[in-house]
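Architecture at a glance
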Amino acid sequence: MSPAHVLEPTYRRLKNALLEGRFPVGAKLEAMRLADDFGVSMTPVRDSLNQLVGEGLVDLTPGEGFRVPLLTEQALRDILQINALLLERVPTPDRKSLEIDEGSKDTKGAYADRLAHVFRSIAANSGNRFRVHLVERINDRLHPLRELEPELWPGASQALEQIERTVRQGSIGSNRAVRAYHRNMQNLVPALIGRLNQQTP
């Protein structure tokens with residue numbers, strides 16, 4: 001196992017690269033090349049890749065090595081369905097539980113980060129740590145796709161603002177807003193998968 005002072009920054013750097021979509025889907029992640037790029041030995045890179053396998057952000061196939069996971073239309077529909085179930089059955093959040101940085105709404109990264117934050121806040125209100133854990137894993141898995149949502153869905157920012165507003169107000173409308181978001185995402189699945197598969201490094 002790598003020393004923490006080497007492993008943690010290596011893990012964080014690799015995870016951020018995956019979340020930001022810097023590697024195309026299906027791309028092979030070669031530990032030696034990544035180690036050279038990061039200026040570290042292969043051990044912290046391998047340890048980081050194995051940790052990310054456990055988080056669902058990297059696939060490991062015996063004999064083939066590490067790869068960026070492929071995402072099919074059906075797999076995305078399944079993830080969206082589970083996410084909706086996790087979020088729609090949560091009691092109305094405490095108004096003070098949600099704090100959102102309004103300073104950078106216009107960047108696509110900010111949209112994905114804000115959506116992850118509001119979904120985590122909704123899950124946290126349940127008091128169920130396992131629910132929070134699952135929502136966080138889904139947030140990470142869908143982050144590259146969520147960065148594409150504003151490009152493919154003109155109503156994305158308004159839908160996010162509606163979710164944030166209803167959660168802040170402690171409104172029963174937050175469940176409706178979350179449900180409407182997931183319904184729109186289900187309709188957008190083919191376009192999202194098509195756009196994701198077109199990305200190049």
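Computed from a prediction, not measured in an experiment: that's the story for all the values here.

Let's shift gears to helix 8 (residues 156-168). Between its first and last C-alpha, helix 8 extends 18 Å over 13 residues, near the 18 Å set by a 1.5 Å rise per residue. Every buried residue belonging to helix 8 is among Ala156, Ala159, Leu160, Ile163, Glu164, Thr166 and Val167, and all of these are buried. Count one or two residues on from helix 8 and you reach Gly170, which has phi positive near 65°.

A word on the pattern of salt bridges. Under the definition given, this model contains ten salt bridges. Taking the shortest distance from any N to any O, the salt bridge between Glu8 and Arg12 comes out at 3.8 Å. Here Glu8 pairs with Arg12, and both are found in helix 1 (residues 4-19), just four residues apart, close to one helical turn. With relative accessibility at 43%, the residue Glu8 sits in the partly exposed group. Classification of Arg12 by relative accessible area gives partly exposed; the value is 37%.

This paragraph deals with the nonpolar core. Proteins that are soluble and globular tend to have nonpolar side chains buried together. Formed by 34 residues in total, the largest nonpolar core has its most connected members in Leu76, Phe119, Ile122, Leu145, Ile163 and Tyr181. Where this core is concerned, the elements lending two or more residues are helix 4 (73-88), helix 5 (108-124), helix 6 (129-146), helix 8 and helix 9 (173-198). In terms of residue count, helix 9 provides more of this core than any other element does, nine residues in total.

Moving on, we get to helix 6. Because the α-helix completes a turn every 3.6 residues, residues three or four places apart line up on one side. With 18 residues, helix 6 ought to run about 26 Å at 1.5 Å a step, and its terminal C-alpha atoms sit 24 Å apart, in line with that. A bend of about 35° at Asp140 is the largest found in helix 6, and the proline Pro144 appears one to four places after it. Measuring from the side-chain oxygen of the N-cap residue of helix 6 to the backbone nitrogen of Phe130 gives 3.0 Å; that N-cap residue is Asn128.

This part takes up the sheet that holds strand 3 (residues 65-67). Sheets are built from strands that pair by backbone hydrogen bonding, the pairs being arranged parallel or antiparallel. Read across the sheet, three strands follow the order 1-3-2 without closing on themselves; strand pairing throughout is antiparallel. Because the sheet does not close on itself, it has two edges, and the strands there are strand 1 (28-29) and strand 2 (59-61).

Summing up the model confidence of the protein chain, the mean pLDDT is 87 and the portion of residues at 70 or higher is 87%. Per-element confidence in the protein chain ranges from a low mean pLDDT of 88 for helix 1 to a high of 95 for helix 4. Residue range residues 95-108 is modelled with pLDDT below 50. Its contacts to residues more than four positions away, or to other chains, number 25 contacts.

Evaluation of the coordinates by the stated rule reveals two aromatic pairs. A ring pair is formed by Phe119 and Tyr181, whose centres lie 5.5 Å apart and whose planes are at 65°; its orientation type is edge-to-face. Taken together, the residues span a long stretch of sequence, with Phe119 in helix 5 and Tyr181 in helix 9 at a distance of 62 residues. Each member of the pair Phe119 and Tyr181 is classed as buried. Pairing Trp153 with Tyr181 gives two aromatic rings, centres 6.3 Å apart and planes at 45°, and the pair type is tilted. Of this pair, Trp153 sits in the loop between helix 7 (149-152) and helix 8 while Tyr181 is found in helix 9, placing the two residues 28 residues apart along the sequence. With respect to burial, Trp153 and Tyr181 carry one shared label: buried. Following the ring pairs from residue to residue traces out a cluster consisting of Phe119, Trp153 and Tyr181.

Criteria and thresholds
- Residues numbered from 1 in each chain as written.
- Predicted model: local features only at pLDDT ≥ 70, side-chain atom pairs only at ≥ 80, totals over all residues.
- Heavy atoms only, no water.
- Helix = DSSP H or I, 4+ residues; strand = E, 2+ residues; numbered from the N terminus.
- Expected span 1.5 Å × (residues − 1).
- Buried < 20%, exposed > 50% of the residue type's maximum accessible area, 1.4 Å probe, protein only.
- Salt bridge = Lys/Arg side-chain N within 4 Å of Asp/Glu carboxyl O.
- Core = buried A, V, L, I, M, F, W, Y, C linked by side-chain atoms within 4.5 Å.
- Bend = angle between axes of the 7 residues up to and from the residue.
- Polar contact = N/O pair within 3.5 Å; in protein donor to acceptor, adjacent residues only side chain to side chain.
- Pairing = 2+ DSSP bridges.
- pLDDT = per-residue confidence, 0-100.
- Contact = heavy atoms within 4.5 Å.
- Phe/Tyr/Trp six-rings, centres within 6.5 Å; stacked < 30°, edge-to-face > 60°.

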